[in-house]
Number of protein chains: 2
Amino acid sequence: MTKKTTIYDIAKELNITAATVSRALNNNPRISKNTRELVLAAATRMNYKQNKLALALKSGKSKNVGVVVPYINRNFFSSIIRGIEDELYPKGYHVIISQTHENKERELKIIQNLLNAQVDGILISTSYSTEEKDKLEPVLKKATPFIFFDRKLDFPDISSVTVDDYQGGFDATKHLIDQGCKRIAHFYVNNEIELYKNRLLGYKDALLQNGFEVIPEYVIPLKNDMEAGMEAAERLMNLLVPPDAIFSSTDYGLLGAVKYLQRLSISIPEDFCVVGFSNELFTQFMEPSISSVDQSPVEMGRMAAKVFLEQMDSEQSVKIHKNVMLPSKLVIRKSSSKMK
Amino acid sequence: MTKKTTIYDIAKELNITAATVSRALNNNPRISKNTRELVLAAATRMNYKQNKLALALKSGKSKNVGVVVPYINRNFFSSIIRGIEDELYPKGYHVIISQTHENKERELKIIQNLLNAQVDGILISTSYSTEEKDKLEPVLKKATPFIFFDRKLDFPDISSVTVDDYQGGFDATKHLIDQGCKRIAHFYVNNEIELYKNRLLGYKDALLQNGFEVIPEYVIPLKNDMEAGMEAAERLMNLLVPPDAIFSSTDYGLLGAVKYLQRLSISIPEDFCVVGFSNELFTQFMEPSISSVDQSPVEMGRMAAKVFLEQMDSEQSVKIHKNVMLPSKLVIRKSSSKMK
DNA sequence: TTGTACGCGTTATCAA
DNA sequence: TTGATAACGCGTACAA
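Everything numeric here is computed off the predicted structure, so don't read it as measured data.

J.: Help me understand the overall build of chain A, please; the structure alone is not making it clear to me.
T.: When its secondary structure is counted, chain A shows 13 helices and 12 strands. Taken over the C-alpha trace, chain A has a radius of gyration of 26 Å; the compact-globule value for 340 residues is 20 Å, which it surpasses by more than 25%. In terms of principal-axis extent, the alpha carbons of chain A reach across some 90 × 40 × 35 Å. The 340 residues of chain A split such that 56% are buried. At a minimum sequence separation of 6, the contacts of chain A that also span at least 24 residues come to 73%.

Below you can see the structure in the form of structure tokens.
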């Protein structure tokens, strides 16, 4: 229960003033070599730690940034966070992480809390859809910079870092076409988040541009989890003309579908091809390994952090903002490798 | 670039003093209903947000806790963090997450930083081994409570939450024996972390208590990743008498071994059984699914948070501490199910 | 080279 | 019921 040492304690110890101690500690040139050494010695001896709170209060900069994601234990998001941290840590920033569980009220509360905590910025992958974006508007009207990543909303002054979801959807579908698949179904997550719409759009365009129709029964809305994927697959396979491929907007949903297909003894990729989205870790370890669209989450995190830092550097005068779109990369594995 | 509203701004607006505003905002009874309502109205109108930094400076409590883990994008650790957050968030705490990458200097720096940031506590899974624990001692001699989870060090006054690694190692090995395996090898991570030693001990005791010898060539030290596991498996299979089972202290290492065995067309579990440790997500999705010792990470996180909260509640007088050991649970899957 | 005094935003104590 | 003031720990302009 030792009380924390302050510069006043050191000052008293050495019979000087706190100001002098502060100068010694901050390499201020206006101090004698002798006192500086005395202070430094006392500081280590008394186990002094600078109180960053006081500093933050004075300077108005907390050197903390908030990071808000739906779930922290999805590999995709934890990798993004890792990228953010890697970039921000060397600059002296700390990262405060919160998860919303896709709960919008909670997301709003979290943002409020972070703002109260005087974070210098908020990097967020929002659970709000474009339709509800006005609900988020009040908190964004702040001095604190916001950066959207992955799941963004369009606000005139707010930066974003996303991946090219349309291209990802297009490439995945085109790849299935190239493999000779004729009836390509699509799983799409129906929570109104824009990026899923973009993947769907890419899917549709790839079909249309290659002489296929979009068959409504083949486009299945579902929740982003394994159980939903199993049910969706069941529904598809009970159709009069079942599909021979699935491009899924979610790896977790696809996982369920694969389990279901394997139960029916349908062989992948010979009789059925699948491609997922997000390149979750398990896709490469499964048998067969699953093709998936990679969103380079670590890169995305780094980029979001860089955009934030840029914004901090130039914040005095102009309020810059920037929308970065990273390329998506289709990773082809066994599950869609019909041809050699 | 709107300046943030303070209680002074509200006070000026209403021609009262900041103290009165503070009282109104904090439901202090010593205020008239009328002024309170006036203040509250002005506060929302002016978009006032309490500056928690100032509060923290005054109260000495930042309502932040630091969480330090080796890697944030391991499912095991992100699940622990999720447990911690679930428990702490409702109590008004924020979680500051840092990862050490198993780098000890960085770990020390991170701890220093967190202390500087005036966190109310630090929950940590350390990368330091028992041999080096004195290096960590200076920072622990603080008013700030520390809680070790998963990877602990023995300090007289510091709480810890761990899983019963010895029991986990024992159960896994015993299970392999029960399956009829005769030559059980062991992968063990050689970074001097205590918990790996405990798993090794459990392995040895299970063997000895069941009439088996511990064969030194079968106990392979390795790094905690897939490549190391492949090499280790190769070494084992090139022995004059190769083993017929592996109990691995790391799922990632085991993953490499399984890949190697599959390349040799050795069928699991018929000809070779394996059991891992940590119950990483991919173990259940692989073919065959991998048996593994579950450490209930979410529970571990919750428990660590609870211990921290207890400590905070009783901190005025006695410094309590507490060592919790959670049970480990062997999850049996195909990879070790020789018998029906 | 060092000391004095102030302000960051808040709450608590004392006085009015 | 409200106001004035001090304090939390720090950095810094100004004065000495």
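J.: Explanation requested: the packing of aromatic side chains in the structure shown.
T.: Centre distance and the angle of the planes are the two values used to describe a pair of aromatic rings. All names here are of chain A. Applying the stated criterion across every chain, the model contains 14 aromatic pairs over all chains. Taken together, a centroid distance of 5.5 Å and an interplanar angle of 80° make the contact between Tyr93 and Phe308 edge-to-face. Here Tyr93, found in the loop between helix H5 (75–88) and strand E2 (94–99), pairs with Phe308, found in helix H13 (residues 297–313); they are 215 residues apart in sequence, far enough to count as distant. Across from the ring centre of Tyr93, 4.3 Å away, lies the NZ or CZ of Lys63, which sits over that ring. Lying across the ring of Tyr252, Arg74 places its NZ or CZ 4.4 Å from the centre.

J.: In this structure, what is going on with the protein's contact with DNA strand D? I would like to understand it.
T.: Taken together, 27 residues sit near DNA strand D, with Ile7(A), Tyr48(A), Thr20(B), Arg23(B) and Thr35(B) positioned nearest. Restricting attention to atoms of DNA strand D within 4 Å of the protein, one finds that 58% of them are sugar or phosphate atoms. Within the backbone of Ile7(A), one N or O atom sits 2.7 Å away from a phosphate oxygen of DNA strand D. In the model, a phosphate oxygen of DNA strand D is placed 3.1 Å from a nitrogen or oxygen of the Thr17(B) main chain. Only helix H1 (7–14), helix H2 (18–25) and helix H4 (52–59) of chain A together with helix H2 (18–25) and helix H4 (52–59) of chain B provide two or more residues apiece to the surface near DNA strand D.

J.: Help me understand unusual backbone geometry in this model?
T.: Note: most peptide bonds trans; most residues except glycine with negative phi. Residues and elements named next belong to chain A. Backbone torsion omega between Ile268 and Pro269 reads 5°, so that peptide bond is classified as cis. Counting through the fold element by element, Pro269 comes out in the loop between helix H11 (251–263) and strand E9 (273–277). For Gln118, which is not glycine, the phi torsion reads 65° and is therefore positive. If you trace the backbone, Gln118 turns up in the loop between helix H6 (104–116) and strand E3 (121–124).

J.: Help me understand the protein's contact with DNA strand C in this model?
T.: Among the 26 residues in the neighbourhood of DNA strand C, the closest are listed as Thr20(A), Lys58(A), Tyr8(B), Tyr48(B) and Lys58(B). Within 4 Å of the protein, the contacting atoms of DNA strand C are drawn from sugar and phosphate to the extent of 56%. Ile7(B) is positioned with one of its backbone polar atoms (N or O) 2.8 Å from a phosphate oxygen of DNA strand C. For the surface near DNA strand C, the secondary-structure elements that each account for two or more residues are H2 and H4 of chain A together with helix H1 (7–14), H2 and H4 of chain B. Each residue belonging to the surface near DNA strand C can be placed in one class, and the counts come to 10 nonpolar, 9 polar and 7 charged.

J.: What is the right way to look at the interface of chain B and chain A in this model?
T.: Frequently, the measure chosen for interface size is the accessible area removed from exposure when the parts meet. Facing the 57 residues of chain B at the interface are 55 residues of chain A. Carbon and sulfur atoms supply 54% of the area that chain B and chain A bury against each other, a total of about 5,500 Å² over both sides. The largest share of the area that chain B buries against chain A comes from Leu53(B), Tyr89(B) and Phe285(B), three residues that together contribute 13% of it. On the surface where chain B and chain A come into contact, there are 10 residue pairs in polar contact (both at pLDDT 80 or more). Contributions of two or more residues to the side of chain B that touches chain A are made by H4, helix H5 (75–88), strand E2 (94–99), helix H6 (104–116), helix H11 (251–263) and helix H12 (282–285) of chain B. Per-class residue counts for the side of chain B that touches chain A are 25 nonpolar, 19 polar and 13 charged.

J.: Is there a simple way to explain the environment of Gln50(A) in this structure?
T.: Relative to the helices and strands, Gln50(A) is located in the loop between helix H3 (33–45) and H4. With relative accessibility at 28%, the residue Gln50(A) sits in the partly exposed group. When the C-alpha atoms of Gln50(A) and Lys4(A) are compared, they prove to be 9.7 Å apart, with 46 residues separating the residues in sequence. Those residues in contact with Gln50(A), other than ones at most four positions away along the chain, are Leu55(A), Asn116(B) and Gln118(B).

J.: So what exactly am I meant to see when it comes to helix H10 (residues 226–237) of chain B here?
T.: All names here are of chain B. If you check H10, its first and last C-alpha atoms are 17 Å apart, about what 12 residues at 1.5 Å a residue would give, namely 16 Å. Those residues of H10 lying buried are Ala228, Gly229, Met230, Ala232, Ala233, Leu236 and Met237. Elements that come into contact with the buried residues of H10 comprise strand E6 (184–189), strand E7 (219–222), strand E8 (245–248) and H11. By the N-cap criterion, in which a side-chain oxygen at the helix start approaches the backbone nitrogen of a residue two or three places on, H10 is capped by Asp225, the distance to Glu227 being 3.4 Å.

J.: What exactly am I supposed to notice about the packing of H1(A) against H2(A) here?
T.: Packed helices, taken two at a time, are described by the angle between their axes plus the distance between the axes. Residue and element names in this part refer to chain A. Contact pair H1 / H2: the axes reach a minimum separation of 8 Å and the direction vectors enclose 110°. Considering their axes alone, H1 and H2 lie roughly perpendicular with respect to each other. On the side of H1, the interface is formed by Ile7, Tyr8, Ile10 and Ala11, while H2 contributes Ala18, Val21, Ser22 and Leu25. Residues of the contact of H1 with H2, tallied by class, amount to 7 nonpolar, 1 polar and no charged.

J.: Quick question: what am I supposed to make of helix H7 (residues 133–140) of chain B here?
T.: One turn of an α-helix holds 3.6 residues; hence residues three or four places apart share an orientation. Buried within H7(B) are the following residues: Leu136(B), Val139(B) and Leu140(B). Down the axis of H7(B), the sector holding all buried residues measures 95°, keeping them to one side.

Reading the values: rules and limits
- Residues numbered from 1 in each chain as written.
- Chains lettered and ligands numbered in written order.
- Predicted model: local features only at pLDDT ≥ 70, side-chain atom pairs only at ≥ 80, totals over all residues.
- Heavy atoms only, no water.
- Helix = DSSP H or I, 4+ residues; strand = E, 2+ residues; numbered from the N terminus.
- Rg over C-alpha atoms; globule rule 2.2 N^0.38 Å.
- Buried < 20%, exposed > 50% of the residue type's maximum accessible area, 1.4 Å probe, protein only.
- Contact = heavy atoms within 4.5 Å.
- Phe/Tyr/Trp six-rings, centres within 6.5 Å; stacked < 30°, edge-to-face > 60°.
- Lys NZ or Arg CZ within 6 Å of the ring centre and 35° of its normal.
- Near = heavy atom within 4 Å.
- Polar contact = N/O pair within 3.5 Å; in protein donor to acceptor, adjacent residues only side chain to side chain.
- Nonpolar A, V, L, I, M, F, W, Y, C, P; charged D, E, K, R; others polar.
- Buried area = accessible area lost by both parts, 1.4 Å probe.
- Expected span 1.5 Å × (residues − 1).
- Axes fitted to C-alpha atoms, helices over the stretch in contact; angles between N-to-C directions.
- Parallel < 35°, antiparallel > 145°, perpendicular 65-115°, else oblique.
- Arc of directions from axis to C-beta.

It is worth stressing that arrangement in space is one thing and function is another; only the former is reported here.
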